[in-house]
Amino acid sequence: MMHDSPDAYDAICEKWCAQRSASPVNRCVAEFAQSIARGGQVLDIGCGGGDPIDRYLSGQGLQVTGIDRSASMIEKARALRLPGARFIVADVLEFAPESACDAVIAFDSLWHVPHAKQRSLYARLSAWLKPGGGLLFTHGKAGGEIHGEMFGQTFYYSALDVGEVRALLEDAGLTIERCEVDYREATTGERDLLVVARKAAR
């Protein structure tokens, strides 16, 4: 939830959080979490209200930092009082973690980053990972920019072509472990792209 006006996400916060909190954790996230050692540091980009993803990660004994541009969403996340979790109002393009992460998750968030900034994302995310650290994200599959509507608010979305995303990940020192176009399963529904990548271990 990064690069529309934060006001748009503030406006839908109650409806969004009610919908998400009623949903099970996404299967791809649960599977990804199995690769993170207990006590590992996880950065959740575009964390929204923290439920269900950060609630699940905290329950797995992971240390979670969630960032989002929406102050209302962060307020909701903080109210969960999740063990080992902290939530910060921040923009992915301006944020820097205090220390390297064992994993970074960007579920339904990178597509809000302006198209002109998309190419800079992957080296940035890679730099935040410890050697051997993992990255999971969902995204669009075709290059371009569109606007869509959710709960009566208009949102901006952008993406690069999948081939360019793969090349940028590799250039950033990340090995692609999973790259699924038109990813579909019950807990997530349909997503244009799901990627899991890992930074080389030293």
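Heads up: these notes are all about the structure in this document.

What counts as what
- Residues numbered from 1 in each chain as written.
- Predicted model: local features only at pLDDT ≥ 70, side-chain atom pairs only at ≥ 80, totals over all residues.
- Heavy atoms only, no water.
- Buried < 20%, exposed > 50% of the residue type's maximum accessible area, 1.4 Å probe, protein only.
- Helix = DSSP H or I, 4+ residues; strand = E, 2+ residues; numbered from the N terminus.
- Arc of directions from axis to C-beta.
- Contact = heavy atoms within 4.5 Å.
- Salt bridge = Lys/Arg side-chain N within 4 Å of Asp/Glu carboxyl O.
- Pairing = 2+ DSSP bridges.
- Axes fitted to C-alpha atoms, helices over the stretch in contact; angles between N-to-C directions.

1. Thoughts on helix 6 (residues 162-171)
Consideration 1: Buried within helix 6 are the following residues: Val162, Val165, Leu168 and Leu169. Taken around the axis of helix 6, the buried residues stretch over an arc of 120°, which confines them to a single face. Opposite the packed face of helix 6, turned more than 90 degrees from it, sit the exposed residues Gly163 and Asp171.
Consideration 2: Buried-residue contacts for helix 6 involve helix 5 (121-128), strand 5 (129-139), strand 8 (174-185) and strand 9 (189-199).
Consideration 3: Just downstream of helix 6, Gly173 is the residue with a positive phi angle, here 80°.

2. Remarks on the pattern of salt bridges
Consideration 1: Summed over the entire model, instances satisfying the criterion amount to 13 salt bridges.
Consideration 2: Note that Glu14 and Lys76 form a salt bridge whose closest N and O atoms lie 3.0 Å from each other. With Glu14 in helix 1 (residues 6-21) and Lys76 in helix 4 (residues 71-79), this residue pair connects regions lying 62 residues apart in the sequence.
Consideration 3: Given a relative accessible area of 54%, Glu14 falls into the exposed group.
Consideration 4: In this structure, Asp108 and Arg191 form a salt bridge, with 2.7 Å as the shortest nitrogen-oxygen distance. One end of the pair, Asp108, is in the loop between strand 4 (101-106) and helix 5; the other, Arg191, is in strand 9, with 83 residues separating them in the sequence.
Consideration 5: A relative accessible area of 11% places Asp108 in the buried class.
Consideration 6: Taken together, the salt bridges that share partners define one network made up of Glu31, Arg178 and Glu180.

3. What about the environment of His147?
Consideration 1: Inspection of the secondary structure puts His147 in strand 6 (residues 144-150).
Consideration 2: Classification of His147 by relative accessible area gives exposed; the value is 59%.
Consideration 3: Sequence spacing of His147 and Ser35 is 112 residues, and the spatial spacing of their C-alpha atoms is 35 Å.

4. Re the sheet that holds strand 3 (residues 85-89)
Consideration 1: Here 7 strands make up an open sheet; going across it, the order is 3-2-1-4-5-9-8 and the pairing mixed. Since the sheet does not close on itself, it has two edges, and those belong to strand 3 and strand 8, each with one partner. Geometrically, the sheet is characterised by an average inter-axis angle of 15° between neighbouring strands, direction not taken into account.
Consideration 2: The pairing of strand 2 (residues 63-68) with strand 3 spans 5 bridges and is classified as parallel. Bridge assignment links Asp68 to a residue of strand 3, and that residue is Val89.
Consideration 3: The strands touched by helix 4 are strand 2 and strand 3; relative to strand 3, the strand with the most contacts, the crossing angle is about 165°.
Consideration 4: Packing of helix 6 onto the sheet brings it into contact with strand 5, strand 8 and strand 9, and relative to strand 8 it is tilted by some 150°.

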